[in-house]
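Overview (structure and organization)
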Amino acid sequence: MYLVPVAGSRDFLVTSGSTMAAAEIARQMTEGARNLSLSGHVGFDGMPDQLVNKSVCQGFCFNILCVGETGLGKSTLMDTLFNTRFEGDPSPHNQPGVHIKSSSYELQESSVRLKLSIVNSVGFGDQINKEESYKSLVEFIDAQFEAYLQEELKIKRTLHNYHDSRIHACLYFIAPTGHSLKSLDLVTMKKLDSKVNIIPIIAKADSISKNELQKFKIKIMSELVSNGVQIYQFPTDDETVAEINGTMNAHLPFAVVGSTEEIKIGNKMMKARQYPWGTVQVENENHCDFVKLREMLIRVNMEDLREQTHTRHYELYRRCKLEEMGFKDTDPDNKPFSLQETYEAKRNEFLGELQKKEEEMRQMFVMRVKEKESELKEAEKELHDKFDRLKKLHQDEKKKLEDKKKSLDDEINAFKQRKTAAELLQSQAQQSGSQQTLKREKERKNFF
């Protein structure tokens with residue numbers, strides 16, 4: 001059985017027979033067909049060009065978190081890194097905690113637009129008690145993950161034009177002490193390594209000698225490994241960049257110098273720092289690792305940093321968050337769980353917990369009412385007992401007063417009787433005295 005094209009149409013006839021017969025029928029039916037020539041190349045190998053054009057039209061975003069103590073040149077390095085003097089007011093350093101300051105800028109190179117966000121940790125390491133200095137950083141990173149997750153969970157999502165504020169790279173500035181990492185650095189990087197791509201850099205590397213700098217790098221990497229701190233490793237799985245990334249991984253941490261001042265060296269104007277003893281050229285690889293950092297961060301691995309942020313750090317946060325919410329991929333029988341079943345199970349669980357809490361609150365309310373009633377009864381009983389005691393006391397006091405009043409009345413009556421008797425005796429005495437006086441007067445007159 002064969003499919004034979006019908007002349008002048010796109011239909012086919014189903015026929016049977018030998019191969020020669022079928023070929024003859026096909027030849028006869030296609031003699032009148034038109035020959036069409038292709039206007040261009042046909043294939044799907046133009047898909048990368050389409051993606052490039054679409055990405056260029058949409059533009060890109062890149063977010064950098066700068067963490068380090070005050071005075072290590074974080075803002076200067078950002079200006080040097082992107083060859084732009086970013087406008088911004090100086091931040092005060094008199095706040096009690098670490099303050100997160102985020103600034104966004106629109107940059108363009110050729111026809112490619114980049115929305116750059118620079119997040120600075122203002123006041124990091126300024127406090128006397130540095131125990132909780134990392135909390136502001138962790139909370140800020142988690143807040144960006146949470147905002148993206150909430151956008152993903154919306155019914156009507158707008159991820160195609162959503163401004164991604166997740167941190168893609170964390171430049172951790174290490175003070176050029178030449179000895180070892182500070183406890184603050186180790187604790188902070190340990191808290192951040194599961195949330196962001198950490199690239200450690202030694203700031204102001206021109207303040208330490210070359211031999212001491214190499215020893216300092218080895219000391220830093222050994223301390224990071226011994227303390228289990230996972231820093232960002234440049235990927236070596238892509239053959240095109242495997243060699244350069246493998247070489248650059250051996251140079252970590254990068255020792256950098258930043259400067260926005262341009263000095264004429266020879267016939268060229270170059271970014272450098274001039275000292276009484278000489279000049280440090282920022283873009284001279286013999287002087288510092290600034291060029292290595294710029295190549296790795298911007299030119300070679302910027303897209304990998306963005307991809308690692310999404311596939312590793314954000315996915316870890318998303319998985320933990322959804323597991324906290326009760327969502328799982330499989331049920332106890334290792335069967336796939338649908339979103340509807342998961343939602344219903346979580347909803348029933350929530351309603352059950354709600355009813356349980358409601359019943360507990362009701363029982364607690366009843367128990368508290370009973371306790372209050374018993375307290376009121378006890379208080380009422382105490383009041384009655386107190387009233388009876390006061391009443392008895394009042395009666396006793398009243399009886400005492402009545403007895404005292406009676407005794408006072410008796411005393412008053414006795415006093416009145418004594419008074420009457422005394423007045424009577426006094427009047428009798430006065431009468432007898434007057435009679436004797438008259439008798440004496442009479443006797444005196446008779447005498448004379």
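Residues numbered from 1 in each chain as written. Predicted model: local features only at pLDDT ≥ 70, side-chain atom pairs only at ≥ 80, totals over all residues. Heavy atoms only, no water.

**Details of the overall build of the chain**
- Assigned secondary structure in the chain consists of 10 helices and 11 strands.
- Looking at the 448 residues of the chain, the share that counts as buried comes to 29%.
- Within the chain, contacts between residues at least 6 apart in sequence are counted, and of these 63% link residues at least 24 apart. (Helix = DSSP H or I, 4+ residues; strand = E, 2+ residues; numbered from the N terminus. Buried < 20%, exposed > 50% of the residue type's maximum accessible area, 1.4 Å probe, protein only. Contact = heavy atoms within 4.5 Å.)

**Quick notes on unusual backbone geometry**
- Leu-252 connects to Pro-253 through a cis peptide bond whose omega is -5 degrees.
- Its location among the elements puts Pro-253 in the loop between α7 (239–249) and β8 (254–255).
- Positive phi is not limited to glycine here, since Asn-83 has a value of about 50 degrees.
- Along the chain, Asn-83 falls in the loop between α3 (74–81) and β4 (99–109).

**A word on the nonpolar core**
- Counting residues in each nonpolar core, the largest one holds 74 residues, and the members touching the most others are Met-78 and Leu-297.
- With seven residues, helix α4 (residues 135–152) is the single largest residue contributor to this core.
- Among all residues touching Met-78, those that are not within four sequence positions of it are Ile-64, Cys-66, Phe-86, Ile-118 and Leu-171. (Core = buried A, V, L, I, M, F, W, Y, C linked by side-chain atoms within 4.5 Å.)

**Examining the packing of α7 against helix α8 (residues 290–300)**
- At their nearest, the axes of α7 and α8 sit 11 Å apart, and the two run at 140 degrees to each other. Here α7 lies oblique to α8, going by the angle between them. When you trace α7 past α8, the crossing you get is left-handed. Listed contacts from α8 to Val-241, Ile-244, Asn-245 and Met-248 of α7 are Lys-292, Met-296, Arg-299 and Val-300.
- Among the residues making up the contact of α7 with α8, the classes are represented as five nonpolar, one polar and two charged. (Axes fitted to C-alpha atoms, helices over the stretch in contact; angles between N-to-C directions. Parallel < 35°, antiparallel > 145°, perpendicular 65-115°, else oblique. Left-handed = near helix turned anticlockwise from the far one by under 90°. Nonpolar A, V, L, I, M, F, W, Y, C, P; charged D, E, K, R; others polar.)

**Here's the deal with the confidence of the model for the chain**
- Predicted confidence across the chain gives a mean pLDDT of 85, with 87% of residues reaching 70 or more.
- For the stretch residues 1–18, pLDDT sits under 50, and the model shows 31 contacts to residues farther than four places along the chain or on other chains. (pLDDT = per-residue confidence, 0-100.)

**Description of helix α6 (residues 210–226)**
- The terminal C-alpha atoms of α6, which comprises 17 residues, lie 25 Å apart, in line with the 24 Å expected from a rise of 1.5 Å per residue.
- Buried within α6 are the following residues: Leu-213, Phe-216, Lys-217, Ile-220, Glu-223 and Leu-224. Mapping the buried residues of α6 onto a view down its axis gives an arc of 135 degrees, with all of them on the same face. Of the residues in α6, the exposed ones pointing more than 90 degrees away from the buried face are Asn-211, Lys-215, Ile-218, Val-225 and Ser-226.
- Tucked inside the fold, the buried residues of α6 contact β6 (169–174), α5 (183–192), β7 (198–202) and β8.
- Following α6 by one or two positions, Gly-228 adopts a phi angle in the positive range, close to 70 degrees. (Expected span 1.5 Å × (residues − 1). Arc of directions from axis to C-beta.)

**Structural notes on the packing of aromatic side chains**
- Taken as a whole and judged by the stated rule, the model has 10 aromatic pairs.
- Aromatic side chains Phe-82 and Phe-86 sit 6.2 Å apart centroid to centroid with 70 degrees between the ring planes, which places their arrangement in the edge-to-face category.
- Assessed through its relative accessible area of 13%, Phe-86 is described here as buried.
- For the pair Phe-124 and Tyr-172, a centre-to-centre distance of 6.4 Å together with 85 degrees between the ring planes defines the contact as edge-to-face. (Phe/Tyr/Trp six-rings, centres within 6.5 Å; stacked < 30°, edge-to-face > 60°.)

**So, the sheet that holds β8**
- Taken in spatial order, the six strands make up an open sheet running β4-β5-β3-β6-β7-β8, and their pairing is mixed. The sheet terminates laterally at β4 and β8, the two strands that pair on one side only.
- Where β4 lies against strand β5 (residues 112–122), 11 bridges are found, and the strand directions are antiparallel. By the bridge assignment, Ser-102 is partnered in β5 with Val-119.
- On top of the sheet, α6 reaches β6, β7 and β8; it is set at about 150 degrees to β7, its chief contact.
- In the packing of helix α9 (residues 302–324) onto the sheet, contacts are made with β3 (60–67), β5 and β6, and the angle to β3 comes to roughly 80 degrees. (Pairing = 2+ DSSP bridges.)

**Examining the sheet that holds strand β10 (residues 268–275)**
- Reading across the sheet, the three strands line up as β9-β10-β11 and stay open at both edges, with antiparallel pairing between neighbours. Both edges of this open sheet fall to β9 (262–265) and β11 (278–281), since each of them pairs with a single strand only. For this sheet, the mean inter-axis angle between neighbouring strands, taken without regard to orientation, is 65 degrees.
- Here β10 runs beside β11; their pairing, made up of four bridges, is antiparallel. Looking at the pairing, Ala-272 lines up with Gln-281 of β11.

**Comments concerning the layout of surface pockets**
- Taken as a whole, the largest pocket spans an internal volume of roughly 770 Å³.
- In terms of lining, the largest pocket is formed by 25 residues, of which the most central are Gln-58, Gly-59, Cys-61, Tyr-162 and Arg-306.
- Listing elements by their share of the lining of the largest pocket, those giving two or more residues are α2 (47–58), β3, β5 and α9.
- Here the lining of the largest pocket takes five residues from α9, the largest share from any one element. (1 Å grid on protein atoms, 1.4 Å probe; cavity = no way out; pocket = protein on both sides within 12 Å on 5 of 7 lines; lining within 4 Å. Points joined across faces, edges and corners; volume = space filled by probe spheres on them.)

**Quick word on the environment of Ile-201**
- With respect to the element layout, Ile-201 can be found in strand β7.
- Taking the relative accessible area as the measure of exposure, Ile-201 reaches 0% and is therefore buried.
- Taking the C-alpha atoms as reference, Ile-201 lies 6.0 Å from Tyr-172; in sequence the two are 29 residues apart.
- Discounting chain neighbours no more than four positions away, the residues touching Ile-201 are Leu-77, Leu-171, Tyr-172, Phe-173, Ile-174, Pro-253, Phe-254, Val-256 and Leu-293.

**Things to note about a nonpolar patch on the surface**
- On the surface, Phe-350, Leu-351 and Leu-354 cluster together to form a nonpolar patch covering roughly 270 Å² of accessible area.
- With respect to the helices and strands, the residue Phe-350 is situated in helix α10 (residues 339–447). (Patch = residues over 30% accessible without salt bridge, like charges linked within 9 Å, V, L, I, M, F, W, Y side chains within 5 Å. Areas by Shrake-Rupley, 256 points an atom, 1.4 Å probe, with all protein chains shown as cover. Salt bridge = Lys/Arg side-chain N within 4 Å of Asp/Glu carboxyl O.)

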